[in-house]
Amino acid sequence: MKIAIIGAGINGLYLAWKLAEKGEKVTVFEKKEKIGKEACSGLFSERILEFIPESQILIQNQITSVLIYFPKCTLRINFSKRFLVMNHFELDNLVFHLAEKSGAKILLKHDITKPDIITLKKEFDRIVGCDGPNSTIRKKLSLKEPSFRLAIQGFTPKKNYTDFVETWPSKEGFIWKIPRGEKTEYGIIGKPKEAREVFDDFLKKNNLKIDKLESGIVPQGFIIPKNSSVTLCGDAAGLTKPWSGGGVVWGLTAAEILLKNFPDFLKYQKEMNKFFLLKIILSKIAIKMVYFLGFNASWLLPRKFKIEGDFLL
């Protein structure tokens, strides 16, 4: 089958790699002139190795827990699965080469904002939108928009090989500190209009000077069209974890569900509903409860517990 994948991020490249391996004729359209996501923490659970075993060579550090600093208490959450620190840009390029080696055709500097869905359907049997938070395919299908948060990150040159992440919750997100081995990362996720001001205030209070400040929007939703020939995957579908904003493992999980049901996009949509919807709803409720107790009744929270970092429930 002739498959068009719009967007050469991690999800689009992964699908191109696996579909090409199955013998499908895959073309990936990417509007940027190079592969690789710049603004991302690159903190993935060890599940990433199940999807992309070759990424083992990219590991910079390993994380076993996170400290959450509420105003009157500190929680330590241990992860049942380790988190691995990697460079997202390098991960994207690794999968890019795997996709090309498998026979996928990847076209850079190809913007598909002009052709409509009908035109694309005439040339391709299936179309998959993996074109990020501001998905053109999602807009062309007239689907609802996800909600958005803003993520900002920067680095200090201080080496840090500790095995835990530190976080400071805010009312609408949190600030983080990630030990990346040869450097230390600081960042924030929060409301787009407030995140930069809150982050700057935190840096000033802690006398921190940040290099290479970058930002990106993080979608939150669940938008899978009921369409037999066009669908969405990853950030284009708003698939990010409600608590952290991380989307790589969730997106790759969705990609595997798509591959399992390919070329039946309607079955993919049903399987996605079955797998993700309840998890998203319950996770949002759990996060609201923890935040409420952390800021208002912290004595009710256990100081130490264990979770599964990708799927809380």
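About the criteria used
Residues numbered from 1 in each chain as written. Predicted model: local features only at pLDDT ≥ 70, side-chain atom pairs only at ≥ 80, totals over all residues. Heavy atoms only, no water. Helix = DSSP H or I, 4+ residues; strand = E, 2+ residues; numbered from the N terminus. Buried < 20%, exposed > 50% of the residue type's maximum accessible area, 1.4 Å probe, protein only. Contact = heavy atoms within 4.5 Å. Areas by Shrake-Rupley, 256 points an atom, 1.4 Å probe, with all protein chains shown as cover. Lys, Arg positive; Asp, Glu negative; His and termini not counted. Charge placed at Lys NZ, Arg CZ, Asp CG, Glu CD. Pairing = 2+ DSSP bridges. Axes fitted to C-alpha atoms, helices over the stretch in contact; angles between N-to-C directions. Phe/Tyr/Trp six-rings, centres within 6.5 Å; stacked < 30°, edge-to-face > 60°. Lys NZ or Arg CZ within 6 Å of the ring centre and 35° of its normal. Expected span 1.5 Å × (residues − 1). Polar contact = N/O pair within 3.5 Å; in protein donor to acceptor, adjacent residues only side chain to side chain.

Caption draft 1: The arrangement of the overall build of the protein chain in detail. Counting secondary structure elements, the protein chain contains eight helices and 14 strands. Counting only C-alpha atoms, the protein chain reaches 60 × 35 × 35 Å along its principal axes. Counting every position in the protein chain, which comprises 313 residues, the buried fraction comes to 55%. Pairs at least 24 residues apart make up 72% of the contacts formed inside the protein chain by residues separated by at least 6 positions. For the protein chain, the exposed surface amounts to about 15000 Å²; the carbon and sulfur share of it is 54%. Averaged over its 50 positive side-chain charges, the protein chain has a centre that lies 4 Å from the centre of its 34 negative ones.

Caption draft 2: Expanded view of the sheet that holds strand β1 (residues 2–6). One open sheet accounts for five strands, arranged β6-β2-β1-β7-β13; its pairing is parallel. Because the sheet does not close on itself, it has two edges, and the strands there are β6 (105–108) and β13 (230–232). Sheet twist, expressed as the average angle between the axes of neighbouring strands with direction ignored, equals 20°. Sheet analysis places strand β7 (residues 126–129) next to β13, joined by three bridges and oriented parallel. For Gly129, the partnering residue across the bridge sits in β13 and is Leu232.

Caption draft 3: Seen up close, the packing of aromatic side chains. Applying the stated criterion to the full structure yields 19 aromatic pairs. With 5.2 Å between their ring centres and 35° between their planes, Tyr69 and Trp168 make a pair best called tilted. Taken together, the positions of Tyr69 in strand β4 (residues 61–70) and Trp168 in strand β9 (residues 164–170) put the pair 99 residues apart, joining distant regions of the chain. On the numbers, 5.9 Å between centres and 80° between planes, the contact of Trp243 with Trp250 is edge-to-face. Taken individually, Trp243 and Trp250 each receive the classification buried, so the pair is uniform in this respect. In this structure an aromatic cluster arises from ring pairing among Phe222, Trp243, Trp250, Phe275, Phe276 and Phe311. Just above the ring of Phe265 sits the side chain of Arg126; from NZ or CZ to the centre is 5.7 Å. Positioned above the aromatic ring of Phe155 is the side chain of Lys183, whose terminal nitrogen or guanidinium carbon lies 4.3 Å from the ring centre.

Caption draft 4: Seen up close, helix α3 (residues 88–101). The end-to-end C-alpha distance of α3 is 20 Å, a good match for the 20 Å that 14 residues give at a rise of 1.5 Å each. Of the surrounding elements, those touching the buried residues of α3 are α1 (10–21), β3 (43–45), α2 (48–51), β6 and α7 (248–261). Put simply, Asn87 is the residue that caps the front of α3, since its side-chain oxygen is 2.9 Å from the backbone nitrogen of Phe89. Directly beyond the C-terminal end of α3, a positive phi value near 110° is found at Gly103.

Caption draft 5: Region of interest: the pairing of strand β5 (residues 73–85). One ladder, built from three bridges, connects β3 with β5; its direction is antiparallel. In the sheet register, Ser45 faces β5, and the bridge partner there is Phe83. Here β4 folds back onto β5 in antiparallel fashion, the turn holding two residues. Note: β5 against strand β14 (residues 304–307), four bridges, orientation parallel. Paired with Ile77 across the bridge in β14 is Phe305.

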